[in-house]
Amino acid sequence: AQKVTQAQTEISVVEKEDVTLDCVYETRDTTYYLFWYKQPPSGELVFLIRRNSFDEQNEISGRYSWNFQKSTSSFNFTITASQVVDSAVYFCALSEAREGAQKLVFGQGTRLTINP
Amino acid sequence: GAGVSQTPSNKVTEKGKYVELRCDPISGHTALYWYRQSLGQGPEFLIYFQGTGAADDSGLPNDRFFAVRPEGSVSTLKIQRTERGDSAVYLCASSLLGGNTGELFFGEGSRLTVL
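Residues numbered from 1 in each chain as written. Chains lettered and ligands numbered in written order. Predicted model: local features only at pLDDT ≥ 70, side-chain atom pairs only at ≥ 80, totals over all residues. Heavy atoms only, no water.

## Topic: the overall build of chain B
Note the cut-off: Helix and strand assignments come from DSSP, with helices taken as H or I runs of at least 4 residues and strands as E runs of at least 2, each series counted from the N terminus. When we talk radius of gyration, it's over C-alpha atoms, and the globule rule is simply 2.2 Å times the number of residues to the 0.38. Three exposure classes are used, based on accessible area relative to the maximum for each residue type with a 1.4 Å probe and protein chains only: buried under 20%, partly exposed in between, and exposed over 50%. In what follows, residue pairs with any heavy atoms lying within 4.5 Å of each other are defined as contacts. Areas reported as accessible are Shrake-Rupley estimates using a 1.4 Å probe. Residue values count occlusion only from the protein chains shown. The convention is simple: Lys and Arg are positive, Asp and Glu are negative, and His and the chain ends are not counted. Positions of charges follow a simple convention, taking NZ of Lys, CZ of Arg, CG of Asp or CD of Glu.
Helix and strand counts for chain B come out as 0 helices and 11 strands. Put simply, chain B runs from its N terminus to its C terminus through helices and strands in the order β-β-β-β-β-β-β-β-β-β-β. The C-alpha radius of gyration of chain B comes to 13 Å, within 12% of the 13 Å expected for a compact globule of 115 residues. The principal-axis extents of the C-alpha atoms in chain B amount to approximately 40 × 25 × 25 Å. Within chain B, the fraction of its 115 residues that count as buried is 46%. Partitioning the contacts of chain B with sequence separation of at least 6, the portion at a separation of at least 24 is 54%. Split by element, the accessible area of chain B, about 5500 Å² in all, is 49% carbon and sulfur. Of the side chains in chain B, 11 bear a positive and 12 a negative charge, and the two mean positions are spaced by 8 Å.

Written out as structure tokens, the structure reads:
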């Protein structure tokens, strides 16, 4: 069975600090996809990144970076020099390729608050 | 609009009533998904449409839930005999392509409260 665990329920930091959101997943499949989504107060989920299980290269996009480690089944997300606009709930999610669709299994989310 | 549109944004109903929630996907998107998000939880998959047909409805919790997409565009999620446990935000998402490819674009959701 698939499972995504985001152990940090809430994180609060001061602006300009770096912050890492943890994500650990479980799956029996060898081909799967990992995602991060941002959910601002308006409610819609905003796609941040998708990574397939064969690509373990870390990725950087501006202030955002992702560290995928298959050996520990983790896909952690780091925000560098955080800003107040980064405040939101962040979800990590998993989708198995054999499903043939984006049936995402989400973690419980991490509420990130960036204080000015 | 340019994004996924969901109506109503808020719906309050009484236990036992029938409810319809509408999703208008991004024009041209063939894939459409419904997810349900309970308070403090991540979204949970309900159903996936590819075109007009429900390709996967394995996430629907029981037979009180039904969804249609008759013309391959707008979709309606229908809930019969609502129960208090159905209270949640119902999220719709669309994607240009089906399968595992493409980015999902989510709407802002319909918040359902069953009294």
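## Regarding the interface of chain A and chain B
Just so we agree on the cut-off: As used here, buried area is the combined drop in accessible area, with a 1.4 Å probe, of two parts when they are placed together. Salt bridge, as applied in this entry: a Lys or Arg side-chain nitrogen positioned within 4 Å of an Asp or Glu carboxyl oxygen. Definition of a polar contact: a pair of N or O atoms within 3.5 Å, with one able to donate and the other able to accept a hydrogen when the atoms are protein atoms, and with sequence-neighbouring residues admitted only if both atoms are side-chain atoms.
Across the contact, 22 residues belong to chain A and 22 residues belong to chain B. Both faces considered, chain A and chain B share a buried interface measuring about 1700 Å² in area, 49% of it formed by carbon and sulfur atoms. The largest per-residue losses of area from chain A upon contact with chain B belong to Leu-45, Gln-102 and Lys-103 of chain A, which jointly make up 32% of the total buried on that side. At the junction of chain A with chain B, the criterion picks out 1 salt bridge. Two residues, Asp-56 of chain B and Lys-103 of chain A, come together in a salt bridge whose shortest N-O distance is 3.0 Å. On the surface where chain A and chain B come into contact, there are 7 residue pairs in polar contact (both at pLDDT 80 or more).

## Comments concerning the layout of surface pockets
Operational definition: Lining residues are defined by having an atom within 4 Å of a point belonging to a cavity or pocket. Those points lie on a 1 Å grid over the protein atoms alone, cavities being sets where a 1.4 Å probe fits but cannot get out and pockets being open sets with protein on both sides within 12 Å along at least five of seven lines. Grid points are joined across faces, edges and corners, and a volume is the space filled by probe spheres set on the points. Amino acids are sorted into nonpolar (Ala, Val, Leu, Ile, Met, Phe, Trp, Tyr, Cys and Pro), charged (Asp, Glu, Lys and Arg) and polar (every other residue, Gly among them).
As a volume, the largest pocket reaches approximately 700 Å³. Considering the residues around the largest pocket, the lining is formed by 34 residues, among which Gln-39 and Arg-111 of chain A together with Gln-37, Leu-39 and Arg-111 of chain B are closest to the centre. Among the secondary structure elements, those contributing two or more residues to the lining of the largest pocket are strand S10 (88–96) and strand S12 (110–115) of chain A together with strand S9 (88–95) and strand S11 (110–114) of chain B. Of the residues in the lining of the largest pocket, the class split is 10 nonpolar, 20 polar and 4 charged. Reported here for the second largest pocket is a volume of approximately 210 Å³. When contributions to the lining of the second largest pocket are tallied by element, the ones reaching two or more residues are strand S11 (105–106) of chain A together with strand S5 (44–50) of chain B.

## Notes on the state of the cysteines
The condition is simple: Two cysteine sulfur atoms make up a disulfide if the distance between them is within 2.5 Å.
In this structure the tally under the stated criterion is 2 disulfides over all chains. Residue pairing for Cys-23 of chain A: its cysteine sulfur links by disulfide to Cys-92 of chain A, the two sulfurs lying 2.0 Å apart. As the torsion about the S-S bond is roughly -65°, the Cys-23 of chain A-Cys-92 of chain A disulfide counts as left-handed. With Cys-23 of chain A in the loop between strand S3 (19–21) and strand S4 (24–26) and Cys-92 of chain A in strand S10, this residue pair connects regions lying 69 residues apart in the sequence. Per residue, the accessibility class of Cys-23 of chain A equals that of Cys-92 of chain A, and both read buried. A disulfide bridge connects Cys-23 of chain B with Cys-92 of chain B, and the sulfur atoms are separated by 1.9 Å.

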